[in-house]
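Next come the chains, spelled out residue by residue.
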Amino acid sequence: MPHVMQEAEPFFFNGNDIAVLVLHGFTGTTQSMRYFGQELHRRYGFTVRGPRLAGHGTTPDDMATTGLHDWISSCEEALHGLAAGGRPVFVAGLSMGGTLALNLAARFSTIVRGIIPINSPVGIFEPPLAELVLNKSAPARVPGIGSDIKDPGVSELAYSELPVSCAREVFVLVAATSAILSKITCPVLAMHSREDHVVPPRNGQRILESVGSDDVRLLWLNDSYHVATLDYDRDLIVQRAGRFIEEIGG
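Scoring rules and cut-offs
- Residues numbered from 1 in each chain as written.
- Predicted model: local features only at pLDDT ≥ 70, side-chain atom pairs only at ≥ 80, totals over all residues.
- Heavy atoms only, no water.
- Buried < 20%, exposed > 50% of the residue type's maximum accessible area, 1.4 Å probe, protein only.
- Helix = DSSP H or I, 4+ residues; strand = E, 2+ residues; numbered from the N terminus.
- Arc of directions from axis to C-beta.
- Contact = heavy atoms within 4.5 Å.
- Pairing = 2+ DSSP bridges.
- Axes fitted to C-alpha atoms, helices over the stretch in contact; angles between N-to-C directions.
- Core = buried A, V, L, I, M, F, W, Y, C linked by side-chain atoms within 4.5 Å.
- Salt bridge = Lys/Arg side-chain N within 4 Å of Asp/Glu carboxyl O.
- Polar contact = N/O pair within 3.5 Å; in protein donor to acceptor, adjacent residues only side chain to side chain.

1. Some thoughts on helix 7 (residues 202–210)
- Those residues of helix 7 lying buried are Asn 203, Gly 204 and Ile 207. Down the axis of helix 7, the buried side of the element spans an arc of 105°, and every buried residue falls inside it. Residues of helix 7 that are exposed and point over 90 degrees away from its buried face: Arg 202 and Glu 209.
- Those residues of helix 7 hidden inside the fold are in contact with helix 4 (96–107), strand 5 (112–118), strand 8 (188–193) and strand 9 (216–221).

2. Description of the sheet that holds strand 9
- A sheet is described by the order of its strands in space; here seven strands give the open sequence 1-3-2-4-5-8-9, paired in mixed fashion. Pairing within the sheet leaves two strands with one partner each, and these edge strands are strand 1 (11–13) and strand 9. Averaged over all neighbouring strand pairs, the angle between strand axes comes to 15°, with direction disregarded.
- Relative to strand 4 (residues 89–94), strand 2 (residues 19–23) is paired through five bridges, and the arrangement is parallel. Bridging from a neighbouring strand, Ala 19 pairs with Val 89 of strand 4.
- Across the sheet, helix 7 touches strand 5, strand 8 and strand 9, and the angle it forms with strand 9 is around 170°.

3. Some remarks on the nonpolar core
- Ranked by internal contacts, the top residues of the largest apolar core, which has 47 residues, are Trp 71, Leu 79, Val 91, Leu 104, Val 112, Ile 115 and Ile 184.
- For this core, the secondary structure elements donating two or more residues are strand 2, helix 3 (68–83), strand 4, helix 4, strand 5, helix 5 (127–134), helix 6 (164–178) and strand 8.
- Among the elements that take part in this core, helix 3 stands out by supplying eight residues, more than any other.
- Not counting chain neighbours up to four residues away, the residues in contact with Val 91 comprise Leu 21, Leu 23, Leu 79, Ala 101, Leu 104, Val 112, Gly 114, Ile 115 and Ile 116.
- In this structure, Ile 118, Ile 237, Phe 244 and Ile 248 belong to the second largest nonpolar core, which totals 30 residues.

4. Details of the pattern of salt bridges
- Per the stated rule, a full pass over the model turns up nine salt bridges.
- Between Arg 141 and Asp 61 there is a salt bridge whose closest N-O contact spans 2.3 Å. Of this pair, Arg 141 sits in strand 6 (residues 141–143) while Asp 61 sits in helix 2 (residues 60–63); the two residues are 80 residues apart in sequence, bridging distant segments of the chain.
- Note that Arg 217 is salt-bridged to Glu 247, the shortest N-O span being 3.0 Å. With Arg 217 in strand 9 and Glu 247 in helix 8 (residues 234–249), this pair connects stretches of sequence that are 30 residues apart.
- Because the salt bridges share partners, they merge into one network encompassing Glu 39, Arg 42, Arg 43 and Asp 235.

5. Regarding the side chain of Asp 196
- Tracing the backbone through its elements, the reader meets Asp 196 in the loop between strand 8 and helix 7.
- Of note is the side chain of Asp 196, whose polar atom sits 3.4 Å from the side chain of His 192.
- Within the local environment of Asp 196, its side chain forms a polar contact with the backbone nitrogen of Val 198, the two atoms lying 2.8 Å apart.
- Apart from the residues within four sequence positions on either side, Asp 196 is in contact with Asn 119, Asp 148, Pro 201 and His 226.

See the structure below:
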């Protein structure tokens, strides 16, 4: 098995009976979600698990051998592990991690009690990604998309190169997930940065309009770019997520 980068390891904080599954984004690592997960545990006492998605946190070559089913499996395994004791499970995710949270909520409605997708794509993309996916003579690798962060003192641990085969996979994952959003019935707290250079903010609005839930909230983040969980709004995100989870899970 390829060597896992330092700070990209999965994490687990054992706490109370409310469990939170925390999912990182496409080409990113658990580093982007560790502060969020650790603070949810420290401030609210939740049990928190942050899995490393297959092919992430190692090498782009390793990632190129994986696809949407591998990433979904990484999440499902962690979800079922947390749900084993019959406790309520919430799922929060950044970017594709949020898309995966939506996916799990649509498919495992008896397990997932609430979700928090942050800057998550549900079908509205910037044209360059679509053009790349459609280009049959695209190279095997293109420059990475990580570290879109407003705070100049912070950087995201993410691949500097993106395997184009995986870009095609993420496109299918997002399209398929957006087609089942109406099956989501649990409470949803979506968050989106008003200025996001990776996932257009209109995706936040689309989540709001497309899920089948009665309790749907959208929080606009005014002081962060795409990797909001590491950016200036990181404490606001922890606070709003913690309150939402306590309210629904309590």
